Amino acid sequence: MPATESAHVTMPHASATLAEADRLMTLCNSCRYCEGLCAVFPAMEMRRAFPDGDLNYLANLCHGCGACYFDCQFAPPHEFNVNVPRVLAKARADSYATYTWPRALAPMFARNGLAISLVAALCVAAFILGFVGVQDRSVLFGVNTGPGAFFKLMPHRTMVILFGAAFIYALVAMAMEMLIFWRDIGEPRQTLTRSGPLLDAVRDTFRLRYLEGGKMGCFNEDERPTDRRRIYHHLTFYGFLLCFAATCVASVYHYLGREAPYAWYEPPVILGTIGGIGLLIGPAGLLAAKFYRDPDMLDKPRRGMDIAFIAMLFLTSLTGLALLVLRSGPAMGILLAIHLGFVFAFFITMPYGKFVHGLYRFAALIRYAKESRARHNPDVPVVAASAAVTGQGGSRP
Amino acid sequence: MEASEKSHDVLVIGGGNAALCAAISARRAGASVLVLEGAPKFYRGGNTRHTRNMRCAHDSATETLSGPYSEDEFFDDLMRVTQGHTDEDLARFMISQSKEILNWIPEQGVRFQPSLGGTLSLGRTNSFFLGGGRSMLNALYLTAEKLGVDIRYDAEVTDLDIEDSMFLSATVKNGAGPEFIRARTLVAAAGGFEANIEWLKEYWGPPAENFLIRGTPYNRGTVLKMLIERGVQEIGDPTQCHAVAIDARAPKFDGGIITRLDCVVFGIVVNRNCERFYDEGEDIWPKRYAIWGRLVAAQPDQIAYIVFDASSLKLFMPSCFPPIEAQSIGDLAGELELDSSALENTVATFNAAVRPGTFDDKILDDCRTEGISPPKSHWARRIETPPFYAYPVRPGITFTYLGTGVNRDARMLMKDGKPAGNMFAAGEIMAGNVLGRGYAAGIGMTIGSVFGRIAGREAAKNARN
């Protein structure tokens, strides 16, 4: 009897991927050697059965560090075929489509790379055409410097309305998506109001604790813990936050009567430049890591989604930095249009691309922090009893 | 026949914990080292693949160990599990050396973590490998590679040229034909013969065909056999192996830890004829699990069935195969292709013999049977709450006890008791010196690391002289 069939799954699942995830979690739960590597396995140990909601939770809790794949004695080519990083990556990507708001836009995830590229191209084209159509050639291709130079090409009010609306839409859509996820995993809303788990999750996110492979390091190419994705992700994540901070500071400046562009030594430019450089190196590193990754761990059909998101971050940053360097020349007008096109496309595709991984993972970390606290505090009941407490099991080969 | 271009100071045969510790320590002592692993890269490491911890003596609690474990306590534990079948001098020496191993192993890149969920009883005595045995192997191989140890996979040794207790060369199977490998010294760390069904049949007869092997198919004992044939002293009972009852649905080889079943004490165990054959509640499970492989091996077709009811389902660690489930004992027998009335009768007889008591699986409780043979001495509760469950079990062979004699330097001893000229042994291939019977969690890895490290160092020294 082949093991893959006999280790059968005892409950119905929405997809073959989730059924496979159930098989793996049941199998892993009888081994538990990986429990020190990340949050997924301790969360698994608190359960005996794996309905879809819990599997989606575990899938989004997984950071794809790869340690469990290379540490597993039952990984392929073993007949048990235990490949947790790949199966959870698939389940994770499927879950993004499941939680899409509005539901009608779920197909955005079907061929996400293509969809994002099209949106980006359309936005860039629209901004260029808009600039060309609205502006006089002499302004568009002329040299504009000094305070308010950008707003000669696009009035500040128009910019605020357009980008404000896009950003608010993205925030609303992502809030809805997060709620759908929260309901699917079956976690009560009250969990979100408790500061302890929330702070734990923030700490784990900012540190990327679960890309450490339990302090052994991460695995990507092979069984050597040489992975640098944690560093590249930090560059990307903090680069993104710095760019966001630059925008916020610039807005405050504007309403204080100081109009962009700003000199290189002013906070918006310094923040934006450092962040922008992070957003070049980080995504480039992540993209390279994607290509070096052991193909066995990859959810190959979904690579387009990862690449599209990485490319969007990279191009948004690249066009922004190009604008900074060339802003006193005649290319400024067109560069501004291109940059704004990418930023706009980035905003409106945030709820429909890889960006959402951060949302669900953060939410999953909050739930894990709650469960983990409960597990270490005997006064609070744990989700499901584990056999760890009986005197009979365990201490044998 | 081709001769290898390069001759090494130390040839290590094997690729598990003991072999890698030997290779690393020989290399660190300045020797050039070649490792021949008979398995392909994925299956490298023999039984180390399936381990998860090692037992080392220590004087105080550490970051990952909850309290001290003295040399004397370790020795007492060893005497208890082996029932005295150990070389006391070598055992005490190994235990004292294990203290250093607790630091040496992390220095080779291996990481420890506190005991795993479900094994809290070992939190004081045993150090767990972060990520388990394969992670440990990955770390050791990486260290060996960085140090410049040469490693070859799929390199099965088919012959050993030994003259007057001196190793001269090894023959390796190669695509083009057999290949000669010369080296100044030999470290044999190639494990036991648990995966060699033909050899097992010499002692167990045809029933061995129905044994399941818990490790890889590469633990064939060919090196052990050649050494014994060429004059090395034999140690340990050749007929004995560590056999436990594992899920009968497990693959023939390499099912590892996840096929284990910890639920014998919660139900009854019947054979193909629906007869009980041993006291399921004789003692706490960690003290009794290791006899069940042999008990099942003695039953017709080497198969048995653990039968229990809904009240016990969540009392033990889940296994990788779900139990077979039915709403009545008769239906359960049908699912198992057993005689329904016979199983119903056995369960009814058992239920009628159960005396009232207070169930507590953490102690030897007072729930027992009266008037049946065999009795169930503890944790006996009526099997009456549907659904009813069963696990089919077969003997699962973990390791064998036969080995080569060694001294404190891990140097092999010849049949006449004299130390070999340039041959050393480490790991399961010589474990019988210390562990002549029984088992204590993590002790195989202790033997491997302690004697591997010594064998490598001594082989390097020997190669220089």
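Numbers given to residues run from 1 along each chain, matching the order in which its sequence is written. Throughout, the order in which chains and ligands are written sets their labels, letters from A for the former and numbers from 1 for the latter. Given that this is a predicted model, residues contribute local features only at a pLDDT of at least 70 and side-chain atom pairs are listed and counted only at 80 or more, while totals for whole chains, interfaces and linings are drawn from all residues.

Draft legend 1. Focus on the overall build of chain B. In this text, helices come from DSSP runs of H or I with a minimum length of four residues, and strands from runs of E with a minimum of two, each type numbered from the N-terminal end. If you tally the helices and strands in chain B, you get 11 helices and 20 strands. In terms of principal-axis extent, the alpha carbons of chain B reach across some 75 × 50 × 40 Å. With C-beta atoms placed from the backbone, a residue is buried if 20 or more other C-beta atoms are within 10 Å of its own, exposed if 12 or fewer are, and partly exposed between those counts. Counting over 465 residues, chain B shows a buried share of 57%. Pairs at least 24 apart in sequence give 74% of the contacts found in chain B among residues at least 6 apart. Our contact criterion uses C-beta atoms placed from the backbone: two residues qualify when those atoms are within 7 Å.

Draft legend 2. Spotlight on the overall build of chain A. Helix and strand counts for chain A stand at 16 helices and zero strands. Each radius of gyration reported is based on C-alpha atoms, and the globular scaling rule is 2.2 Å times the count of residues to the power 0.38. Here chain A has a C-alpha radius of gyration of 24 Å; the compact-globule value for 397 residues is 21 Å, and the two agree. Judged by the C-alpha coordinates and their principal axes, chain A covers about 85 × 45 × 40 Å. Taking all 397 residues of chain A together, 46% fall into the buried category. Here the contacts in chain A between residues at least 6 apart in sequence split such that 74% fall between residues at least 24 apart.

Draft legend 3. Region of the structure containing the environment of B:Gly191. Residue and element names in this part refer to chain B. Take Gly-191: it is sitting in the loop between β10 (179-188) and α5 (197-204). Given 35 C-beta atoms within a 10 Å radius, Gly-191 is considered buried. When the C-alpha atoms of Gly-191 and Tyr-401 are compared, they prove to be 10.0 Å apart, with 210 residues separating the residues in sequence. Setting aside anything within four residues of it in sequence, one finds Gly-191 in contact with Gly-14, Gly-16, Gly-46, Asn-47, Asn-219, Gly-427, Glu-428 and Ile-429.

Draft legend 4. Molecular detail of the domain arrangement of chain B. Residue and element names in this part refer to chain B. A domain assignment, automatic or from a database, supplies the domain bounds used here. In terms of domain boundaries, chain B breaks down into domain 1 (2-238 + 401-464) and domain 2 (244-396). With 15 residues of domain 1 at the interface, the matching set in domain 2 holds 16 residues. For this classification, Asp, Glu, Lys and Arg are treated as charged, while Ala, Val, Leu, Ile, Met, Phe, Trp, Tyr, Cys and Pro are nonpolar and the rest, including Gly, are polar. Taken together, the residues of the side of domain 1 that touches domain 2 sort by class into eight nonpolar, six polar and one charged.

Draft legend 5. View of the packing of helix α10 (residues 156-184) of chain A against helix α15 (residues 332-349) of chain A. Residue and element names in this part refer to chain A. Look at α10 against α15: their axes get within 7 Å of each other, and the N-to-C directions meet at 25°. By the angle between their directions, the pair α10 and α15 is classed as roughly parallel. In this structure, α10 meets α15 at a crossing whose hand is left-handed. Contact residues: Phe-163, Ala-166, Phe-167, Tyr-169 and Ala-170 in α10; Phe-344, Phe-347 and Ile-348 in α15. Broken down by class, the residue content of the contact of α10 with α15 amounts to eight nonpolar, no polar and no charged. Here an axis means a line fitted to C-alpha atoms, over the contact stretch when the element is a helix, while the angle between two N-to-C directions is reported on a 0 to 180 degree scale. Any angle from 65 to 115 degrees is called roughly perpendicular, while one under 35 is roughly parallel, one over 145 is roughly antiparallel, and all others are oblique. What makes a crossing left-handed is the near helix being turned counterclockwise from the far one by less than a right angle; a clockwise turn instead makes it right-handed.

Draft legend 6. Structural detail: the sheet that holds strand β5 (residues 112-113) of chain B. In this scheme, strands are said to pair when DSSP sees at least two bridges between them. Taking strand neighbours across the sheet as the criterion, the three strands line up as β4-β6-β5 (chain B) in an open arrangement whose pairing is antiparallel. With partners counted over all chains shown, the strands left at the sheet margins are β4 (53-55) and β5 of chain B, one partner each.

Draft legend 7. Structural context of helix α10 (residues 340-353) of chain B. Residues and elements named next belong to chain B. For α10, which comprises 14 residues, the first-to-last C-alpha distance of 20 Å matches the rise-based estimate of 20 Å (1.5 Å per residue) to within 8%. All of the buried residues in α10 are Leu-343, Thr-346, Val-347 and Phe-350. Down the axis of α10, the smallest arc covering the buried residues is 95°, so these residues share one side. Projecting away from the buried face of α10 at angles above 90 degrees are the exposed residues Ser-341 and Ala-352. In this structure, the buried residues of α10 make contact with β14 (268-271), β15 (304-309) and α9 (329-335). Helix span is expected to be 1.5 Å times the residue number reduced by one. As used here, the arc belongs to the directions running from the helix axis to the C-beta atoms.

Draft legend 8. Spatial organisation of the environment of A:Asp296. All names here are of chain A. Inspection of the secondary structure assignment puts Asp-296 in the loop between α13 (267-292) and α14 (303-326). For Asp-296, a count of 12 C-beta atoms within 10 Å gives the class exposed. Along the sequence, Asp-296 and Thr-145 sit 151 residues apart, while their C-alpha atoms lie 53 Å from each other. Beyond its immediate sequence surroundings of up to four residues, Asp-296 is in contact with Pro-76, Asn-83 and Arg-86.

Draft legend 9. The arrangement of helix α3 (residues 88-107) of chain B in detail. Residues and elements named next belong to chain B. With 20 residues, α3 extends 29 Å from end C-alpha to end C-alpha; this agrees with the ideal 28 Å at 1.5 Å per step. The largest bend in α3 amounts to roughly 40° and is located at Glu-100. For α3, the set of buried residues is Ala-91, Met-94, Ile-95, Ser-98, Ile-101, Leu-102 and Ile-105. In this structure, the buried residues of α3 make contact with α2 (71-82), β6 (126-129) and α11 (443-464). The bend reported for a residue corresponds to the angle between axes fitted to the seven residues ending at that residue and the seven starting there.

Draft legend 10. Up close: the pairing of strand β8 (residues 157-163) of chain B. All names here are of chain B. Bridge count between β8 and strand β9 (residues 166-172): six bridges; the pairing is antiparallel. Bridging across to β9, Glu-163 finds its partner in Met-166. Hairpin connection, β8 to β9: the antiparallel pair is bridged by two residues, and Asp-164 has positive phi, about 50°.

Draft legend 11. Here's a closer look at the confidence of the model for chain B. Chain-level pLDDT for chain B is 95 on average; 98% of the residues reach the 70-or-more range. Complex prediction metrics read pTM 0.93 and ipTM 0.93. Per residue, pLDDT measures the predictor's confidence, with a range of 0 to 100.

Draft legend 12. Representation of the packing of α2(B) against α3(B) in the model. Residues and elements named next belong to chain B. One can describe the packing of α2 onto α3 by two numbers: an axis separation of 10 Å at closest approach and a directional angle of 135°. As far as their axial angle goes, α3 and α2 are oblique. The two elements α2 and α3 cross, and the hand of that crossing is right-handed. Two secondary-structure elements touch here, α2 through Glu-71, Phe-74, Phe-75 and Leu-78 and α3 through Ala-91, Arg-92, Ile-95 and Ser-96. Taken together, the residues that form the contact of α2 with α3 break down as five nonpolar, one polar and two charged.

Draft legend 13. Broad picture of unusual backbone geometry. All names here are of chain B. Across the junction of Ser-373 and Pro-374, the peptide omega takes the value -5°, indicating a cis bond. Residue Pro-387 is reached from Pro-386 by a cis peptide bond, and omega for that bond is -5°. Mapped onto the fold, Pro-387 is located in the loop between α10 and β17 (388-400). The residue Asp-254 is not glycine, and still its phi comes out positive at about 65°.

Draft legend 14. Looking closely at the confidence of the model for chain A. Residues at a pLDDT of 70 or more form 92% of chain A, whose mean pLDDT is 90. Ignoring residues within four places in sequence, the model shows residues 380-395 of chain A, a span with pLDDT below 50, making 49 contacts including any to other chains.

Draft legend 15. Broad picture of the domain arrangement of chain A. Residues and elements named next belong to chain A. Taken as a whole, chain A is organised into domain 1 (3-98 + 366-389) and domain 2 (104-186 + 212-357). Using only C-alpha atoms to locate each centre, domain 1 and domain 2 end up separated by 33 Å. Contacts between the two partners involve 22 residues from domain 1, matched on the other side by 20 residues from domain 2. A total of seven residues in the side of domain 1 that touches domain 2 trace back to one element, the largest contributor, which is helix α6 (residues 84-98). Among the residues forming the side of domain 1 that touches domain 2, the class breakdown is 13 nonpolar, five polar and four charged.

Draft legend 16. Molecular detail of the pairing of β6(B). Residues and elements named next belong to chain B. Side chains Asn-126 and Phe-128 project from β6 onto one buried face, and the interleaved Ser-127 and Phe-129 project onto a second face that is buried too. Sheet topology places β4 next to β6; three bridges connect them, and they run antiparallel. The residue of β6 that forms the bridge with Met-54 is Ser-127.

Draft legend 17. The arrangement of the environment of A:Pro188 in detail. Residues and elements named next belong to chain A. Among the secondary structure elements, Pro-188 is positioned in the loop between α10 and α11 (195-207). The exposure class of Pro-188 is exposed, given the 10 C-beta atoms found within 10 Å. Residues Pro-188 and Arg-207 lie 19 residues apart in sequence; the distance between their C-alpha atoms is 26 Å.

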